[in-house]
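One letter stands for each residue in the lines below.
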Amino acid sequence: MAAIQIDEDALTKGQMRKLNALRKSIGEELGEKAFAEWLASQPGAAGTAEDGNATRIVDTLWPMVQQGTLAIPRGGYLIRRGRGRIIVEPAKR
């Protein structure tokens, strides 16, 4: 059976803990196999699921940023819904 290659540098701290716990409890090979199956079943594992609204905002604003008519400062903005309007304010740090 071929060894499963897991990029441990790309894993989060929690994922590393889970991998190490599986290796310790059921052995190296079975632990890696179980972890790979678990990781594949997680949302976002097969590809990043993008928020449709965020994508629409980027698609709308990016041409203005490229033209130089819109500058987004460091720290960005907070966009909220108001009563019948959109409220855009600087993000608080």
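Shown above is the structure to which this text applies.
The structure displayed is predicted, hence computed values, not measured ones.

Description of the overall build of the protein chain
Part 1 of the argument: In terms of helices and strands, the protein chain carries three helices and two strands.
Part 2 of the argument: Mapped in sequence order, the helices and strands of the protein chain form the string α-α-α-β-β.
Part 3 of the argument: By residue count, 12% of the 93 residues in the protein chain fall in the buried class.
Part 4 of the argument: A total of about 8000 Å² of accessible surface is found on the protein chain, and carbon and sulfur atoms cover 54% of it.

Describing a nonpolar patch on the surface
Part 1 of the argument: Together, Ile57, Ile72, Tyr77, Ile79, Ile86 and Val88 line one region of the surface with nonpolar side chains, adding up to about 590 Å² of accessible area.
Part 2 of the argument: Mapped onto the nonpolar patch, the elements with two or more residues apiece are β1 (77-82) and β2 (85-90).

Section: the side chain of glutamine 15
Part 1 of the argument: Mapped onto the fold, glutamine 15 is located in helix α1 (residues 13-26).
Part 2 of the argument: Polar contacts involving the side chain of glutamine 15 include one to the main-chain amide nitrogen of threonine 12, which spans 2.9 Å.
Part 3 of the argument: Among all residues touching glutamine 15, those that are not within four sequence positions of it are Ala10, Phe35, Trp38 and Leu39.

Some details on the nonpolar core
Part 1 of the argument: The biggest cluster of nonpolar side chains holds six residues, and these are Ile6, Leu11, Met16, Leu19, Leu22 and Phe35.
Part 2 of the argument: Element by element, the count of residues in this core is highest for α1, at three residues.
Part 3 of the argument: Excluding anything up to four places from it in sequence, phenylalanine 35 contacts Ile6, Leu11, Gln15, Lys18, Leu19 and Leu22.

A look at the pattern of salt bridges
Part 1 of the argument: The full count for this structure, using the stated rule, is four salt bridges.
Part 2 of the argument: Measuring nitrogen to oxygen at the nearest pair gives 2.7 Å for the salt bridge that ties arginine 23 to glutamate 8. Taken as a pair, arginine 23 in helix α1 and glutamate 8 in the segment before α1 lie far apart in primary sequence, 15 residues in all.
Part 3 of the argument: We classify arginine 23 as buried; its relative accessible area is 15%.
Part 4 of the argument: Relative accessible area serves as the criterion here: at 32%, glutamate 8 is assigned to the partly exposed category.
Part 5 of the argument: Three or more residues are tied together by salt bridges with common partners; here these are Glu8, Arg23, Glu28 and Glu32.

Concerning α1
Part 1 of the argument: Taking 1.5 Å of rise per residue, the 14 residues of α1 would be expected to cover 20 Å, and the 20 Å separating its terminal C-alpha atoms lies within 8% of that figure.
Part 2 of the argument: Buried residues of α1: Gln15, Met16, Leu19, Leu22 and Arg23, and no others. For α1, the arc enclosing every buried residue in end-on projection is 130°, short of the 170-degree limit, so these residues lie on one face. When the buried face of α1 is taken as reference, the exposed residues oriented beyond 90 degrees from it are Lys13, Arg17, Lys24 and Ser25.
Part 3 of the argument: Contact partners of the buried residues in α1: α2 (28-41).
Part 4 of the argument: Looking one or two places after α1, you find glycine 27, whose phi comes out positive at around 100°.

Rules used in this analysis
Residues numbered from 1 in each chain as written. Predicted model: local features only at pLDDT ≥ 70, side-chain atom pairs only at ≥ 80, totals over all residues. Heavy atoms only, no water. Helix = DSSP H or I, 4+ residues; strand = E, 2+ residues; numbered from the N terminus. Buried < 20%, exposed > 50% of the residue type's maximum accessible area, 1.4 Å probe, protein only. Areas by Shrake-Rupley, 256 points an atom, 1.4 Å probe, with all protein chains shown as cover. Patch = residues over 30% accessible without salt bridge, like charges linked within 9 Å, V, L, I, M, F, W, Y side chains within 5 Å. Salt bridge = Lys/Arg side-chain N within 4 Å of Asp/Glu carboxyl O. Polar contact = N/O pair within 3.5 Å; in protein donor to acceptor, adjacent residues only side chain to side chain. Contact = heavy atoms within 4.5 Å. Core = buried A, V, L, I, M, F, W, Y, C linked by side-chain atoms within 4.5 Å. Expected span 1.5 Å × (residues − 1). Arc of directions from axis to C-beta.

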